[in-house]
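Overview (structure and organization)
Single-letter residue listing:
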Amino acid sequence: MSVHIARARPGLPLAVDRAAVEPLSAQLVGQLRTAMRDGRLRAGERLPSSRALAGELGVSRTVVTAAYEQLYAEGWLEGRHGSGTFVADVRADVEVDAHVDVRSDGQADVRADVPADLRAGVEGGGHADAHADRPAAEGRVVSPMIDLRPGAPWAGALDTPAWRRAWRLAATVPPVTRPGSYGLPRLRAELANYMRRGRGIGCPAERVLVTRGATNGLDLLAATVVRPGDRVGVEEPGYSDARSVLAARGAKVVPCPVDEHGLIVDALPSDLRLVYTTPSHQYPLGGVLPVPRRQALLAWARRTGALIVEDDYDSEFRYDVAPLPALYGLDPDVVVYLGTTSKSLTRDVGVGWVVARPELIEGMAVRREQLGDRTAVVPQEAVAILLERGDLDRHVRRMRAEYARRRALVVDLLDGFVLRGDTAGLHVVVELPAHVAAQVVGDAARHGVRLDPLERHYAEPAGLSGLVIGYGSERLSALRTGCSLVRESILRPARPPFPAG
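Residues numbered from 1 in each chain as written. Predicted model: local features only at pLDDT ≥ 70, side-chain atom pairs only at ≥ 80, totals over all residues. Heavy atoms only, no water.

Quick notes on the pattern of salt bridges
Opposite charge on two side chains permits them to pair, given that their charged atoms come into close proximity. Just so we agree on the cut-off: Whenever Lys or Arg places a side-chain nitrogen within 4 Å of a carboxyl oxygen from Asp or Glu, that contact is recorded as a salt bridge. What counts as a helix is a DSSP run of H or I of at least four residues, what counts as a strand is a run of E of at least two, and both are numbered from the N terminus.
According to the stated counting rule, one finds 27 salt bridges in the structure shown. Notably, a salt bridge pairs Asp393 with Arg197, separated by 2.9 Å at the nearest N-O pair. You can see Asp393 sitting in helix α12 (residues 391-413) and its partner Arg197 sitting in helix α6 (residues 185-199), a full 196 residues away along the chain. Arg302 serves as the salt-bridge partner of Asp331, at 2.9 Å between the closest nitrogen and oxygen. Of this pair, Asp331 sits in the loop between β14 (307-311) and β15 (335-340) while Arg302 is found in helix α9 (residues 291-304), placing the two residues 29 residues apart along the sequence. What you see here is one network of salt bridges that share partners, running through Asp443, Arg446, Glu488 and Arg492.

Rendered as structure tokens:
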């Protein structure tokens, strides 16, 4: 039997097999990704044009273009205007070996000593208590050394010349006596361009209001449009801070059920003032709202007069295919878009944005003035500089590849369990019986690992139980240690859910 294999020019480690079951573009993606990971293709190296490589391999240009686009979305490649396609700098943080013993049965024994720098809180941004290296009494919960809760990115990747330059330049800007309620004009313009490039949102800068983050944006919106007693919807399970913010503004919060695809539009009440949703990556279960349901949601909003609040909290990080365009782009008159740098950079930057129709933006700016709410000017300047120079886009591409590696590690360590939301974002949900999840949380805490139970994200009795494991904030070594402990604890013979007898 003949084998139909075409190879690229010598020196480029590529070959496609037309007789293989795997699609040609997927073959190219896998081979290029492996070559970049192991250093055969190095950062800054230029790749052939899609036309040239297609000619060398004897495939259609569409095959090569699809492969390049996928690797670009994952952060492995970067385009330079007028110059071509290059291998991006995706160097991961320096690995620190985890002290995990291996038992005779081949399973990791994470009850062994954790490295001293973990105990001191060096890894993961200082989650650990200074005294966490002291032996714990039997059964006593010690301060966590490894934090696997969701919601935080890897801040260690920010110590770069671009990051330091942005803050240095931002600090030279003369102080502003009365910063504008809308945000710096140059930042609003840069954010409009950023959303156009990354989320398919075409909006003028005048529709952008700079905030201190997505939660601050939601609070300003609620302070502007919600009256005491208004009914507002929040996904169930969903973001607990959103429930708290809306309730604090006097709203009656209505849990709105979700399924594996996201918000169930047919279950929405008709008397809601607004509904808060995470359509690109439902928090925390991870569903992606399909196009027919998006259209149904927009029709519901038009019919009822409600607002849709779209929190696009981690849309930059998707590992299977490119994300769907933002819901806002389909109907800007009924959707309010919330964005933030808390996942792409760090929560400490304190810069986010709201995009909405003009009268809402104006009303929020007026309300903000009344509340004395402000976004600090220096962080605004720093983010504007990162955007102007293309540094934020490059950082996101690098982190997309970095988080893809972390996601692959977690999925591998938790292989065999029911996982949700593992194709995007910075966390994964492990479905477990309620008593098993409680057992694992307790075991982990006693060994210095902090976990987030899924039940915490429900306003009403939980429909699902398990763990929400964040993989953004810790080093790979700590992530491996923590997830190995989780696996071992799940596989340990379960204790009964209720006391015997």
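Describing the packing of aromatic side chains
Any aromatic ring pair is given by two values, namely how distant the centres are and how the planes are angled relative to each other. Heads up, the rule is: We call Phe, Tyr and Trp rings a pair once their centres come within 6.5 Å, taking the six-membered ring for Trp, and we label the pair stacked below 30 degrees between planes, edge-to-face above 60, and tilted otherwise. Only protein chains enter the area calculation, which uses a 1.4 Å probe; residues under 20% of their type maximum are buried, those over 50% are exposed, and those in between are partly exposed.
On inspection of all chains with the given rule, the structure shows six aromatic pairs. Centroid distance Tyr239 to Tyr276: 6.5 Å. Interplanar angle 25 degrees. Geometry classified as stacked. Of the two residues, Tyr239 is situated in the loop between β10 (231-236) and α8 (240-248) and Tyr276 in strand β13 (residues 274-277); the sequence distance between them amounts to 37 residues. According to the relative accessible area criterion, Tyr276 is buried, its value standing at 2%. Pairwise contacts between aromatic rings join Tyr239, Tyr276, Tyr283 and Tyr313 into one cluster.

A short note on the pairing of β14
Our working definition: By the convention used here, strands pair only if DSSP detects at least 2 bridges between them. Crossover handedness is defined here as right-handed if the route from the first strand over the helix to the second strand goes clockwise, with the strands pointing away from the viewer.
The buried count for β14 comes to five of five residues, which makes it a mostly enclosed element. Burial along β14 is two-sided: the residues Leu307, Val309 and Asp311 and Ile308 and Glu310 are all buried. Bridge count between β13 and β14: four bridges; the pairing is parallel. When the bridges of β14 are listed, Val275 appears paired with Ile308. Between the parallel pair β13 and β14, the chain is carried across by α9, and the sense of this crossover is right-handed. The sheet contact formed by β14 and β15 spans four bridges and is parallel. When the bridges of β15 are listed, Ile308 appears paired with Val335.

The quantities given are spatial measurements derived from coordinates; they are silent on function.
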